[in-house]
Each structure stands twice: as structure tokens, then as C-alpha cells.
Amino acid sequence: MVRIAGETLHVHFLGTAGSLPSPQRNPPCILIRRGSDTLLFDCGEGAQQQMMRAKTGFTIDAIFVTHWHADHFLGIFGIVETLGFMERTAPLPIYGPPWVVEFVDLIQRINRHTRGFAVTAHPLDHGSVVPFNGYTVRAFATIHGIPGLGYVLEEDERPGRFNRDHAIALGVPPGPLFGRLQRGETVRIVRDGVETEVRPGDVLGEPRPGRKVVYTGDTRPIQNQPGVAALIRGADLLIHDATFDDQESSRAREVLHATAGEAGEAAAALNARMLALVHISSRYASTANHIRDAKRQYEGDVILPADLTALEIPFRS
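Q: Any chance you could explain the overall build of the chain here in plain terms?
A: When its secondary structure is counted, the chain shows ten helices and 18 strands. Each of the three principal axes of the chain carries a C-alpha extent, and together these read 75 × 55 × 35 Å. Classification of the 317 residues of the chain by burial places 51% in the buried group. Counting contacts in the chain only where the partners sit at least 6 residues apart, residues at least 24 apart contribute 64% of the total. With the model as given, the accessible surface of the chain reaches about 14400 Å², and the carbon-plus-sulfur share is 50%. Where the 32 positive side-chain charges of the chain centre and where its 36 negative ones centre are 3 Å apart.

Q: Could you clarify how one ought to interpret the environment of Arg112 in this entry?
A: With respect to the helices and strands, the residue Arg112 is situated in the loop between helix H3 (100-110) and strand E7 (119-123). For the pair Arg112 and Glu81, spaced 31 residues apart in sequence, the C-alpha separation works out to 9.9 Å.

Q: Hey, could you run me through the packing of helix H2 (residues 75-85) against H3 in this one?
A: When two helices pack together, their arrangement is given by the angle between their axes and by how far apart the axes lie. The N-to-C vectors of H2 and H3 enclose an angle of 50 degrees; their axes lie 11 Å apart at closest approach. Classified by the angle their axes make, H2 and H3 are oblique. Judged by the sense of rotation from one axis to the other, the crossing of H2 with H3 is right-handed. Between H2 and H3, the residues in contact are Ile76, Phe77 and Val80 and Phe103, Leu106, Ile107 and Ile110, respectively. Considered class by class, the residues forming the contact of H2 with H3 number seven nonpolar, no polar and no charged.

Q: Explanation requested: the packing of aromatic side chains in the structure shown.
A: Within a pair of aromatic rings, the relevant descriptors are the distance that separates the centres and the angle that separates the planes. Evaluated as defined, the whole model comprises 14 aromatic pairs. Ring geometry for Phe41 and Tyr151: centres 5.8 Å apart, planes at 50 degrees, overall tilted. On the criterion of sequence distance, the pair formed by Phe41 in strand E4 (residues 37-41) and Tyr151 in strand E10 (residues 149-155) is long-range, its members being 110 residues apart. The rings of Phe41, Phe64, Tyr95, Phe132, Tyr135 and Tyr151 are connected pair by pair, giving a single aromatic cluster. Against the face of Phe117 rests Arg115, its NZ or CZ located 5.3 Å from the ring centre. Over the ring of Phe315 we find Arg211, and its NZ or CZ is 3.7 Å from the ring centre.

About the thresholds
- Residues numbered from 1 in each chain as written.
- Predicted model: local features only at pLDDT ≥ 70, side-chain atom pairs only at ≥ 80, totals over all residues.
- Heavy atoms only, no water.
- Helix = DSSP H or I, 4+ residues; strand = E, 2+ residues; numbered from the N terminus.
- Buried < 20%, exposed > 50% of the residue type's maximum accessible area, 1.4 Å probe, protein only.
- Contact = heavy atoms within 4.5 Å.
- Areas by Shrake-Rupley, 256 points an atom, 1.4 Å probe, with all protein chains shown as cover.
- Lys, Arg positive; Asp, Glu negative; His and termini not counted.
- Charge placed at Lys NZ, Arg CZ, Asp CG, Glu CD.
- Axes fitted to C-alpha atoms, helices over the stretch in contact; angles between N-to-C directions.
- Parallel < 35°, antiparallel > 145°, perpendicular 65-115°, else oblique.
- Left-handed = near helix turned anticlockwise from the far one by under 90°.
- Nonpolar A, V, L, I, M, F, W, Y, C, P; charged D, E, K, R; others polar.
- Phe/Tyr/Trp six-rings, centres within 6.5 Å; stacked < 30°, edge-to-face > 60°.
- Lys NZ or Arg CZ within 6 Å of the ring centre and 35° of its normal.

Written out as C-alpha cells, the structure is:
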């Protein structure tokens with residue numbers, strides 16, 4: 001694993017190929033583990049074996065599909081069967097753009113044995129929000145010729161830094177009351193014989209942002225689309241379509257994908273802290289041009305992750 005200082009938010013690149021698998025790259029599948037939750041963003045064929053190789057386990061809490069091109073969903077059929085053999089009982093929600101209901105119905109119809117859990121369909125559109133414990137996943141519209149969505153995983157704000165010295169000066173004794181204040185609770189203390197309240201705002205600094213990961217799926221650059229930039233700006237990690245290098249820019253426009261240079265432009269415009277280039281066409285034996293093209297446009301960190309690369313995402317402060 002590539003380690004970046006931080007904890008509890010990991011991004012696993014299980015599949016980074018574009019359209020067709022190659023000997024080195026599987027079709028699209030991004031696994032994000034946030035605390036004890038595991039989410040899949042797209043699920044191309046072979047995802048199960050990649051999960052085994054990455055040792056992520058099969059405790060999947062939800063699947064988010066960006067669009068209904070087969071390289072982004074064929075792996076779901078096998079995963080559902082495996083979860084059935086593993087005697088899963090919890091429902092498996094599948095989120096996605098229009099046709100997710102029909103897709104889940106298809107899963108139900110091709111299944112030939114009793115399954116101990118439900119697979120549920122949840123249609124999303126631009127701006128839809130799916131709440132989880134401590135974070136949300138929000139959908140945004142993409143440009144790819146068929147209805148498509150990208151996704152933003154964004155944590156809730158964290159409390160500001162705890163000013164221990166000021167808390168003691170206010171009469172709060174070190175111990176459990178410190179923890180209650182840090183959790184946002186008002187506490188009562190006795191100071192100079194008088195009972196008084198100490199509020200979290202008395203001892204905490206300004207709220208701090210949580211972490212934010214953006215996955216575009218397949219798309220043309222979208223940072224200038226109305227209502228999109230505000231949702232995806234300021235990502236700690238922007239995972240962007242970079243199917244082609246810049247020499248194939250006309251082809252990218254024709255098939256509604258992005259080049260590495262365009263991904264770099266998006267990262268710069270959106271003030272992303274790191275850019276990951278994915279959905280790489282199988283035509284490329286070398287991806288050196290992709291890195292070069294992205295870095296021409298973006299001064300931040302650029303990676304082109306190999307399959308099974310994992311990142312641990314840090315807090316900003």
C-alpha cells in the first residue's frame with residue numbers, strides 16, 4: 001500500500017482500464033473503505049478476484065454505478081452470487097442513474113437459487129445525496145452520451161481543535177468532561193462555589209473540514225458545467241477519466257472521454273489536492289505521456305495508479 005499520513009479512509013484502485021481489460025488492468029472498480037464501511041464505485045468484470053488480491057474482503061455496504069456501459073457493471077452479477085454463497089443477510093443497495101431499477105430486476109430474474117438477502121435499486125440524479133454515518137455520497141451529472149453520474153464522498157465537518165489550557169482556565173478538570181466538550185456537549189462545573197456552564201464553542205476552534213474524494217467515471221471535462229464545480233471543488237483526491245493522452249484529443253471529444261491533460265486542467269480549476277488518472281485505454285503500452293500531459297496543466301500530485309494500488313487519505317489539518 002502507498003501510505004499517505006492519515007487514517008480510516010482508504011481508496012483501492014481495483015480496476016483502472018478503459019472499456020476493455022488488458023493484461024495489466026481490469027475494468028473500472030474503485031473500492032473506498034471509510035471506517036468500517038466499504039463502498040464500490042463501479043464494478044467491472046473480475047472485481048471479485050481483485051478484491052481477493054487486495055485482501056479487502058467482501059463486506060460491501062453499497063455499490064454506486066456511474067453509467068450503464070458494460071465495463072462498469074458486469075462484475076456485479078458475480079459479486080451478488082458470491083455474497084449469496086457466503087450467506088449474507090443484509091440488503092445490498094445499488095445506486096445509479098436511470099436504468100438501475102431495470103438492472104436490479106435483471107439480477108433477480110437471472111438468479112436461479114434462493115438468496116438470503118435483497119438487492120435493492122436506488123435511482124439517483126444530479127444533486128442526489130445518500131447519507132451514511134459521518135459522511136455522505138453525492139451524485140453529480142457527467143457528459144458521456146448516456147445518462148451518467150460521478151460521485152463525491154465527503155465527510156462531515158470535524159470539531160475545531162480543543163484548547164486544553166483554556167478549558168482548564170475555565171475550571172474544567174482534565175478527564176471525561178474534556179471528551180464531552182470535544183463531542184459537542186455542554187458541561188456543567190462548579191467554579192468558586194458557583195455552578196456554571198462551559199459550552200463547546202468556549203474551548204473549540206473553528207470547525208475543520210472532513211476529507212473529500214471525487215470520482216468522475218467516464219466523462220468529458222465537467223468543471224465548467226452549471227451546478228457541478230461547487231459540488232466537486234476542493235477534493236483531497238480527484239479520480240478523473242484520462243482515457244487518452246493529449247495526442248488523441250480529437251478522439252476523446254468524439255467518444256466523450258477526457259485526455260490526461262484535460263484531467264489536469266480540471267484538477268487545477270477545482271483546486272484538488274491530488275489527481276489520479278484512470279480508465280486508461282488498452283492501446284497504451286506506456287503511460288508516460290499521460291503523466292506528462294497532466295503535469296503540464298496541474299502543479300499538484302499526479303498519480304496513474306496500477307491496479308491494486310491503495311491510498312490512505314489524510315486529514316487536511
